[in-house]
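Okay, here's what each chain looks like letter by letter:
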Amino acid sequence: MKQNHYDIIMAGGGAASRILLYFLRLQPGFDQLQILVLEAENHIAEKTWCFWTQQQQHPFEHLIRKQWNELEFKAGDYTTYESINPYRYCCIHGADFDRYFNVAFFPVYPNLTLLQQKILSTEHTNHLWTVVTEQQQFTCNRLVSNAALNQPATPMLQHFHGWFIEYNHDVFDENRALLMDFALPGNDQFCFFYLLPFSNTKALVECTYYSAKAYDPAIYQQQIQQYLLKRFGNHFSIYHKEQGAIPLQLHKDASDATPALINIGQSAGMIKPSTGYAFQRMVEDSRLLAASLHKEQPLRRKRHRRFRFYDGLLLSIIQEEPGRAISIFQQLFSKSSMKSILTFLDENSTIAEEAKIFSKLPWWPFLKHIKLLG
Ligand SMILES: Cc1cc2nc3c(=O)[nH]c(=O)nc-3n(C[C@H](O)[C@H](O)[C@H](O)COP(=O)(O)OP(=O)(O)OC[C@H]3O[C@@H](n4cnc5c(N)ncnc54)[C@H](O)[C@@H]3O)c2cc1C
């Protein structure tokens with residue numbers, strides 16, 4: 001008879017579950033835990049994850065495809081680039097990540113069961129979770145969820161299309177990634193291009209918008225085509241495409257979860273609301289969570305409330321006054337070092353460092369949006 005009770009059920013086998021398991025395997029007693037991962041899709045992520053780190057040896061070092069030591073920012077005619085030392089900006093292909101877990105991770109641990117089943121409902125009664133899928137019913141003591149079950153729709157999305165392209169001659173500087181290029185004229189859209197050169201001829205170029213809904217694919221494609229034509233010419237071929245939408249919302253703290261239910265990843269607010277970055281935050285959260293999962297109230301990645309406030313302000317300006325948000329970004333990158341911006345976005349800056357960054361920005365829009373948020 002098939003087992004249907006587990007110590008832990010993971011609802012969703014996405015990035016956050018896999019990262020948590022990666023750290024959990026290092027804990028004493030891991031092989032005694034019976035863990036079931038329920039994932040609705042046949043999971044191979046069509047995502048390109050980027051993050052920055054100061055670590056010489058990142059936990060997923062073996063999956064990093066490319067790293068850059070310089071970052072560039074552009075807005076109209078304005079350009080700046082600089083070294084981000086001691087950080088490096090790293091890229092992991094979602095397909096490499098999932099292939100590693102499917103081939104070299106799950107099969108190695110007999111206490112892990114990965115099933116492709118869609119969860120229909122979860123219920124907690126008498127200290128036990130009942131998880132019902134389209135095919136079966138399971139019980140567990142602890143439910144760890146990254147499936148974003150019952151999440152409300154988000155008011156703002158970061159949505160994008162990307163082309164993996166190859167030119168027939170050298171056009172890129174492969175040591176420098178382009179973080180943002182606000183290349184489109186006009187003030188009514190928060191839209192930028194993002195370019196990761198994998199070599200002097202190959203790159204991923206993305207066109208990203210912030211708005212309530214994703215657009216017709218033709219819109220991004222036309223923008224990317226025109227952008228490439230204008231900057232690098234038309235001698236390129238497309239070898240792959242990707243698209244995505246990241247929900248941007250101000251979330252409660254992960255530590256608000258009940259002891260029996262542990263939300264992780266997007267469900268735990270790991271996506272930074274103003275930027276859409278989550279990978280490194282999930283790594284940091286999972287490291288802490290894995291080491292304390294045996295406790296009734298496990299440790300989580302802490303974020304100071306003031307960062308939630310900054311994210312809310314920035315999102316409000318982006319939503320209500322996209323043109324002003326672009327000029328704030330331009331002033332931010334022209335007056336503060338890339339390193340200090342990355343530390344700030346990591347939420348590792350001190351209040352004094354934040355005051356220094358904000359003192360160089362126009363105060364009026366922030367004041368206005370504090371009033372709007374209030
Ligand atoms: C296209 C894209 C690109 C991104 N790029 C970056 C980046 O460069 N850098 C960065 O830091 N962050 C990035 N992010 C943000 C973040 O890192 C990812 O969204 C990340 O995948 C979040 O992990 P997660 O585990 O919370 O969600 P997911 O990885 O989406 O996992 C959730 C899983 O739950 C499953 N599921 C949902 N409902 C059910 C159900 N009813 N039953 C069973 N399973 C279910 C889904 O199939 C999915 O596999 C990106 C996000 C997207 C969408």
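Remember, it's a predicted structure, so these values are computed and weren't measured experimentally. Counting of residues starts from 1 at the beginning of each chain's written sequence and follows it residue by residue. Only residues with pLDDT of 70 or above have their local features reported here, since the model is predicted, and side-chain atom pairs are shown and tallied only from 80 upward, although totals for entire chains, interfaces and linings are computed over all residues. Neither water nor hydrogens contribute to the side-chain values; these are computed over all heavy atoms in the structure.

Caption draft 1: Structural detail: the site of the ligand. Taken together, 30 residues surround the ligand, and among them E39, N146, Q266, A278 and F279 come closest. Polar contact is defined as a pair of N or O atoms within 3.5 Å, subject to the rule that within protein one atom must be able to donate a hydrogen and the other to accept it, and that residues adjacent in sequence are counted only when both atoms are side-chain atoms. A15 places a main-chain nitrogen or oxygen 3.1 Å from an oxygen atom of the ligand. Between the ligand and W49, the relevant distance is 3.1 Å, taken from an oxygen atom to a side-chain nitrogen or oxygen of the residue. For accessible areas, the Shrake-Rupley method is used with a probe of radius 1.4 Å. Any residue's cover is judged against the shown protein chains and nothing else. When isolated, the ligand has an accessible area of 970 Å², and the protein chains bury 87% of it. Domain delimitation in this document rests on an assignment produced automatically or drawn from a domain database. Domain assignment of the residues forming the shell around the ligand places at least three in each of domain 1 (5–47 + 94–150 + 254–292) and domain 2 (155–247). Throughout, near means a residue has at least one heavy atom within 4 Å of the molecule or strand.

Caption draft 2: Geometry of the nonpolar core. What makes a nonpolar core is a set of buried Ala, Val, Leu, Ile, Met, Phe, Trp, Tyr and Cys residues whose side-chain atoms join them at distances within 4.5 Å. Residue burial is assigned from relative accessible area. The probe radius is 1.4 Å, only protein chains are included, and a residue is buried under 20% of its type maximum, exposed over 50%, and partly exposed in between. Residues F60, Y89, F97 and L196 are the most contacted members of the largest nonpolar core, which totals 87 residues. The element best represented in this core is helix α1 (residues 15–24), accounting for eight residues. Membership of the second largest hydrophobic core comes to 18 residues, among which are L195, V205, Y209 and Y220. Each helix is a run of H or I in the DSSP string that is no shorter than four residues. Each strand is a run of E no shorter than two, and both are numbered from the N terminus.

Caption draft 3: Broad picture of the domain arrangement of the protein chain. Its domain assignment divides the protein chain into domain 1 (5–47 + 94–150 + 254–292), domain 2 (155–247) and domain 3 (305–373). The centre of domain 1, based on its C-alpha atoms, is set 32 Å off from the matching centre of domain 2. Throughout, a contact is declared for two residues whenever any of their heavy atoms are within 4.5 Å. Counting residues at the interface gives eight residues for domain 1 and nine residues for domain 2. Contact between domain 1 and domain 2 buries roughly 560 Å² in total, counting both sides, with carbon and sulfur atoms accounting for 43%. In this description, buried area is defined as the sum, over both parts, of the accessible area (probe of 1.4 Å) that is lost when the two are combined. The largest share of the area that domain 1 buries against domain 2 comes from E46, I271 and Y277, three residues that together contribute 54% of it. In what follows, salt bridge is the name for a side-chain nitrogen of Lys or Arg lying within 4 Å of a carboxyl oxygen of Asp or Glu. Taken together, the connections running from domain 1 to domain 2 amount to zero salt bridges. Our count for the domain 1 to domain 2 interface comes out at three residue pairs in polar contact (both at pLDDT 80 or more). Broken down by class, the residue content of the side of domain 1 that touches domain 2 amounts to two nonpolar, four polar and two charged. Each residue is assigned to one class: nonpolar for Ala, Val, Leu, Ile, Met, Phe, Trp, Tyr, Cys and Pro, charged for Asp, Glu, Lys and Arg, and polar for all the others, Gly among them.

Caption draft 4: Structural detail: the packing of α1 against helix α4 (residues 279–292). Between α1 and α4, the shortest axis-to-axis distance is 8 Å and the interhelical angle comes to 40°. Taken together, α1 and α4 sit at an angle that is classed as oblique. Crossing of α1 against α4: the hand is right-handed. Contacts between α1 and α4 involve A15, A16, I19, L20, F23 and L24 from the first element and F279, M282, V283, S286, R287, L289 and A290 from the second. Here the contact of α1 with α4 is composed, by residue class, of 11 nonpolar, one polar and one charged. Orientation is described by axes fitted as lines to C-alpha atoms, over the contacting stretch for helices, and by angles from 0 to 180 degrees between their N-to-C directions. To sort the angles, those under 35 degrees are grouped as roughly parallel, those over 145 as roughly antiparallel, those from 65 to 115 as roughly perpendicular, and the leftovers as oblique. By the definition used in this description, the sense in which the near helix is turned from the far one sets the handedness, with an anticlockwise turn below a right angle giving left-handed and a clockwise turn giving right-handed.

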